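# Summary of structural features
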Amino acid sequence: SQKIEQNSEALNIQEGKTATLTCNYTNYSPAYLQWYRQDPGRGPVFLLLIRENEKEKRKERLKVTFDTTLKQSLFHITASQPADSATYLCAAATGYALNFGKGTSLLVTP
Amino acid sequence: ETGVTQSPTHLIKTRGQQVTLRCSSQSGHNTVSWYQQALGQGPQFIFQYYREEENGRGNFPPRFSGLQFPNYSSELNVNALELDDSALYLCASSLAKTGVGEKLFFGSGTQLSVL
């Protein structure tokens, strides 16, 4: 079955460092991947979309890469801040659905 | 804030009861999707409505049903509630059907607890 896998272990980093989150997909070739941020008790908020023909996309301190050979996307937050602490979800379309990973929890400490 | 509103925010029901959750989509959006998110899991697709018709359905039993109204607002109905139905139910609206690169705008969800 088509799967989106994210590292379920929480990522703890120090303020100012770069956080790197990984998303792997198996058994299909999505035309694009999306990244969302989710805070506790809230719905996910869209951050970035990257298409299969784009190697990299940036938005302010965020950067996403898409490697179709490795079947992997990396999500980077540079100069991380405590306000970046949240769960980050990777998703890819399967028909009319978005297929989400379980998310990776990021904690940025001062 | 996305402009997608859901009600109620919290709900407690007992096993076997029925529940209706409501969603108002963002202005201008004609597509509504519903997702179930269990604790510690990613959102799971329930179904999508496009211009009042069900457009796609995930792996959920028929006791999960929905409606979309002419103003594009939507309802999710769950009959014969089971303990495993306890979850955060998320509504998301978009400008077009998912699958063509559309991003989703989520509401804050309804937290359903089944006792």
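This is a predicted model, so every value here is computed, not measured.

Looking now at the state of the cysteines. Counted by the stated rule, this structure contains 2 disulfides over all chains. Here Cys 23 of chain A is linked by a disulfide to Cys 90 of chain A, with a sulfur-sulfur distance of 2.0 Å. Around the S-S axis, the bridge from Cys 23 of chain A to Cys 90 of chain A shows a dihedral of about -65° and counts as left-handed. Of this pair, Cys 23 of chain A sits in strand S3 (residues 19-26) while Cys 90 of chain A sits in strand S9 (residues 86-94), and the two are 67 residues apart along the sequence. In this pair, the class of Cys 23 of chain A matches that of Cys 90 of chain A, namely buried. Between the sulfur atoms of Cys 23 of chain B and its disulfide partner Cys 91 of chain B the distance amounts to 1.8 Å. Given an S-S torsion of about -60°, the disulfide between Cys 23 of chain B and Cys 91 of chain B has left-handed geometry.

Counting through the fold element by element, Lys 103 of chain B comes out in the loop between strand S9 (87-94) and strand S10 (105-106). Given a relative accessible area of 32%, Lys 103 of chain B falls into the partly exposed group. The spatial distance from the C-alpha of Lys 103 of chain B to the C-alpha of Ala 92 of chain B is 9.4 Å, given a sequence separation of 11 residues. Leave out the neighbours within four places in its chain, and Lys 103 of chain B touches Gln 34, Tyr 36 and Phe 46 of chain A together with Ser 93 and Ser 94 of chain B.

Across the contact, 20 residues belong to chain A and 23 residues belong to chain B. Interface area, chain A with chain B, both sides summed: about 1,700 Å², of which 55% is carbon and sulfur. When the area that chain A buries against chain B is broken down by residue, the three leading residues are Tyr 96, Phe 100 and Lys 102 of chain A, summing to 33%. Run the count over chain A and chain B and you get 5 residue pairs in polar contact (both at pLDDT 80 or more). For the side of chain A that touches chain B, the elements supplying multiple residues, two or more each, are strand S4 (32-38), strand S5 (45-51), S9 and strand S10 (97-100) of chain A. The element that contributes the greatest number of residues to the side of chain A that touches chain B is S4 of chain A, accounting for 4 residues. Among the residues forming the side of chain A that touches chain B, the class breakdown is 11 nonpolar, 6 polar and 3 charged.

The rules we used
Residues numbered from 1 in each chain as written. Chains lettered and ligands numbered in written order. Predicted model: local features only at pLDDT ≥ 70, side-chain atom pairs only at ≥ 80, totals over all residues. Heavy atoms only, no water. Disulfide = S-S within 2.5 Å. Helix = DSSP H or I, 4+ residues; strand = E, 2+ residues; numbered from the N terminus. Buried < 20%, exposed > 50% of the residue type's maximum accessible area, 1.4 Å probe, protein only. Contact = heavy atoms within 4.5 Å. Buried area = accessible area lost by both parts, 1.4 Å probe. Polar contact = N/O pair within 3.5 Å; in protein donor to acceptor, adjacent residues only side chain to side chain. Nonpolar A, V, L, I, M, F, W, Y, C, P; charged D, E, K, R; others polar.

Everything listed is a geometric property; what it means functionally is a separate question.
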